[in-house]
Amino acid sequence: MSADSAPGQSLYRKEPKIYPRQVNGRFARLRDLAMYVLLGLFYVMPWLTINGHQAVLFDLPGRRFYILGLTFWPQDFIYLALLLVAAGLSLFFFTALAGRLWCGYACPQTVWTEAFLMMERWTEGNRQKRIKLDAAPWSANKLLRKSAKQFLWVTFAVWTGFTFVGFFTPIRELAQNVLSFSLGPWETFWTLFYGGATYANAGYLRAQVCKYMCPYARFQGAMFDPDTLIISYDESRGEPRGSRRKGIKPEEVGLGDCINCTLCVQVCPTGIDIREGLQYECIACAACIDVCDQVMDKMEYPRGLIRYTTENALKNNTTHVIRPRLLVYGTILLLLICGTLWSMTTRTPLRADLIRDRNALYRELPGDMIENVYNLKITNMDDVAHTYSLLPEIPGVAEVESSRPLRLEASSVAGFSVRIRMPRDAGSGVQSLTLELSSEDNPDIRKKIDAKVLLPVSSGANR
Amino acid sequence: MASGQDTVSLRWNERRRDIGIIIWISFLSACAGTFVIFALLDPDALNQAWVLPWEMGRKLAYSLGFLFLFCVAAIASSLTTFMIRTGPRRGHHTGKGRKPAPQIKPDAAEDPEFGIDPGEWR
């Protein structure tokens, strides 16, 4: 919209492209550390092997998830639900405690944007160089730098897409398929899809996603209270702002500590001015803190003109770290995590379903015995093979016979045909029978199964 | 029909309109989704693959499927409404109702008044 000369519009200028300036300092190091750890986990995890399985593998066709040596079955989906609840609660907890920590340090949007910015710096140089390069006419140098950046971005994005698919398909097989150009159509699609999304989000959309698209950014304010840690400019100390030469004390010129160098604006990935107060665009990356501290050091003023603080502290009230809201979030979170861990460590790695064969009612055998036929589906969720025995809970009530030994390899499912025989005079009509399936080598692994046994309705009469 | 002085009876306020639209559109989407899913999929077949320990009849599967789709559509619609209602207003991209972008000082080399060279902290 360069022809923005319509009346009433001339007051507004086009939103400038944001060229975040690189910043060094405590929080920048923390952010870099978070980036290396999180991206490192993402790219390395699928290549590790634990207990003979890929460290993290969501095997969708096989309907099981391998996560750090644990195997999760569809029946364990309750843990996934609990995990999501715990993740949501910890977001509440940390937001109430320290504001948008998630946004600034851990959100994939931030982390991948950092990585893409890093590649941009390698190829196109620092902030001023990037601005100049974009403004300059096309030249061999510009073409070279731009294509080098695109090459890095695209390569990294495709590798990201490949790694993503590697969480769902064994990554070593996937790599072999890539090398032999025999990647399946869906694997190709998802690699390009996720790679393309990474490229667009981290290369171009960047903090616009946070400003316009992220729901968390919209409602996180509801979790704030006056004791929440926020990044804030100390207005009472900084104002009136104004430039001055180095070494001049603020009071000599009747100014506050802010030298109005606008570096806090230049480092901001969302392009806001933190000095205008807390804004919903702020993703709390703390870049402005680092850069302002450096300026304060240069000027030989105390650090912390922009700092992590709380609304209460800025108003000279006492800040309460421990407060009811945090205690409630924290307690629920702790209970949830402990409960989940306890339940996960004590779960029985066995599941069984007994389904009556629908094609037959029952069979009468010599000796006044009635036989019912069932399909027994056993899932051995353990890491070792087991042989099971199926017996009535009350010994002698019924005879149970399976077509073949109930032996299952580690992490496998198998179906067996099972016959249950009961004497004709054990009852009339549908009878409930409790069976127990137990591992022969580990008595702790046992499961009760309820069976419905059909017997002739009135004893003596034939059906 | 409680109406204050400033409200016209039978005219809905914004919140009511939003909720009405969310529910109605989610319902229509869920209907369409249920048709398509269960035209292609016999819920009885689900019983073999079903992970929960009780048998699910056809009627229950149809109802649960519909309610599930209704919920998902309603969540999506509600969040969308929330994002649009709390987001920037119409004309935001042309600068309407938006504060101008913060001013940035030129580099020290171009501004001798400014005491320190920001290039030092690249």
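Conventions adopted
Residues numbered from 1 in each chain as written. Chains lettered and ligands numbered in written order. Predicted model: local features only at pLDDT ≥ 70, side-chain atom pairs only at ≥ 80, totals over all residues. Heavy atoms only, no water. Pairing = 2+ DSSP bridges. Helix = DSSP H or I, 4+ residues; strand = E, 2+ residues; numbered from the N terminus. Axes fitted to C-alpha atoms, helices over the stretch in contact; angles between N-to-C directions. Salt bridge = Lys/Arg side-chain N within 4 Å of Asp/Glu carboxyl O. Buried < 20%, exposed > 50% of the residue type's maximum accessible area, 1.4 Å probe, protein only. Expected span 1.5 Å × (residues − 1). pLDDT = per-residue confidence, 0-100. Contact = heavy atoms within 4.5 Å. Phe/Tyr/Trp six-rings, centres within 6.5 Å; stacked < 30°, edge-to-face > 60°. Lys NZ or Arg CZ within 6 Å of the ring centre and 35° of its normal. Lys, Arg positive; Asp, Glu negative; His and termini not counted. Polar contact = N/O pair within 3.5 Å; in protein donor to acceptor, adjacent residues only side chain to side chain.

**Student:** When you look at the sheet that holds strand 11 (residues 386-392) of chain A in this model, what are you seeing that I'm missing?
**Tutor:** As a general point, the strands of a sheet are linked pairwise by backbone hydrogen bonds and lie either parallel or antiparallel. Residue and element names in this part refer to chain A. Strand order in this open sheet of four strands is 13-11-15-16, and the pairing throughout is antiparallel. The open sheet terminates on both sides in strands that have one partner only, identified here as strand 13 (406-408) and strand 16 (446-455). Across the sheet, the mean angle separating the axes of adjacent strands is 30° when strand polarity is ignored. Direction of pairing for strand 15 (residues 429-439) relative to strand 16: antiparallel, over a ladder of ten bridges. Of the residues in strand 16, the one forming a bridge with E436 is K448.

**Student:** Just checking my understanding: could you explain the pattern of salt bridges for this structure?
**Tutor:** Opposite charge on two side chains permits pairing when their charged atoms draw close. All names here are of chain A. If you walk through the whole model with that rule in mind, you get 29 salt bridges over all chains. A salt bridge links E120 to R130; its shortest N-O distance comes to 3.4 Å. Residue E120 is located in helix 4 (residues 108-124), and its partner R130 is located in helix 5 (residues 127-135); the two are separated by ten residues in the primary sequence. In this structure R130 comes out as buried when scored by relative accessible area, which is 2%. Among the ionic pairs, R446 bridges to E436, the shortest N-O distance being 2.7 Å. Separated by ten residues along the polypeptide, R446 in strand 16 and E436 in strand 15 bring together distant segments of the chain. The buried category is assigned to E436, whose relative accessible area is 18%. Taken together, the salt bridges that share partners define one network made up of E120, E124, R130, D134, K146, K149 and R206.

**Student:** Would you explain helix 6 (residues 140-166) of chain A in this entry?
**Tutor:** At 3.6 residues per turn, the α-helix brings residues three or four places apart onto the same side. Given a rise of 1.5 Å per residue, 27 residues ought to cover 39 Å, and the 38 Å separating the end C-alpha atoms of helix 6 of chain A matches this to within 8%. Within the span of helix 6 of chain A, buried status applies to K142(A), K146(A), K149(A), W153(A), F156(A), A157(A), T160(A), G161(A), F162(A), T163(A), V165(A) and G166(A).

**Student:** Would you take a moment to explain the confidence of the model for chain B for this structure?
**Tutor:** Should pLDDT be low for a region, the predicted coordinates there are not to be read in detail. All names here are of chain B. Mean pLDDT over chain B stands at 77; residues scoring 70 or higher make up 70%. Of all secondary-structure elements in chain B, the lowest mean pLDDT belongs to helix 2 (residues 43-49), at 69, while helix 1 (residues 14-40) reaches the highest, 92. Per-residue pLDDT stays below 50 along residues 109-113; that stretch engages in five contacts with residues further than four places along the chain or on separate chains. Interface confidence in the predicted complex, given as ipTM, is 0.71; pTM for the same model is 0.80.

**Student:** Help me understand the packing of aromatic side chains in this model?
**Tutor:** Overall, the coordinates contain 30 aromatic pairs over all chains when judged by the stated rule. Ring centres of F72(A) and Y79(A) lie 6.1 Å apart, and the angle between their planes is 70°; this geometry places the pair in the edge-to-face category. A ring pair is formed by F27(B) and F70(B), whose centres lie 6.0 Å apart and whose planes are at 65°; its orientation type is edge-to-face. A residue pair is termed long-range when its members are at least 10 positions apart, and F27(B) in helix 1 and F70(B) in helix 3 (residues 58-86) qualify at 43 residues. For F27(B), a relative accessible area of 31% puts it in the partly exposed group. Taken together, F42(A), Y43(A), W112(A), F116(A), W153(A), F156(A), W159(A), F167(A), Y199(A) and Y204(A) form an aromatic cluster joined through their ring pairs. The ring of W138(A) carries K142(A) above its face, with NZ or CZ at 4.7 Å from the centroid.

**Student:** Is there a simple way to think about the pairing of strand 10 (residues 369-380) of chain A in this case?
**Tutor:** Residue and element names in this part refer to chain A. A large share of strand 10 lies buried, amounting to ten of its twelve residues. Bridging between strand 8 (residues 350-356) and strand 10 involves seven bridges; their strand directions are antiparallel. Considered in strand 10, the bridge of L354 is made with L376. Direction of pairing for strand 9 (residues 363-365) relative to strand 10: antiparallel, over a ladder of three bridges. Bridge pairing in strand 10 links E364 to I370. Pairing geometry for strand 10 and strand 14 (residues 412-423), over twelve bridges, is antiparallel. Each bridged residue has a counterpart across the sheet, and for I370 the counterpart in strand 14 is M422.

**Student:** Looking at this structure, how should I read the sheet that holds strand 4 (residues 64-67) of chain A?
**Tutor:** All names here are of chain A. As summarised here, the arrangement of the three strands in space is 3-4-5, forming an open sheet in which the pairing is antiparallel. What marks the edges here is a single partner per strand, and that holds for strand 3 (56-59) and strand 5 (70-72). Direction aside, the axes of adjacent strands within the sheet are offset by 10° on average. Looking at chain direction, strand 3 and strand 4 are connected through four bridges and run antiparallel. Looking at strand 4, one finds that D59 is bridged to R64.

**Student:** Honestly, the side chain of K142(A) in this entry has me stumped. Any pointers?
**Tutor:** Residues and elements named next belong to chain A. Structurally, K142 is set in helix 6. Despite its burial, K142 remains without a salt bridge, the nearest opposite charge being carried by D134 at 5.2 Å. A distance of 3.1 Å separates a polar side-chain atom of K142 from the backbone oxygen of L133.

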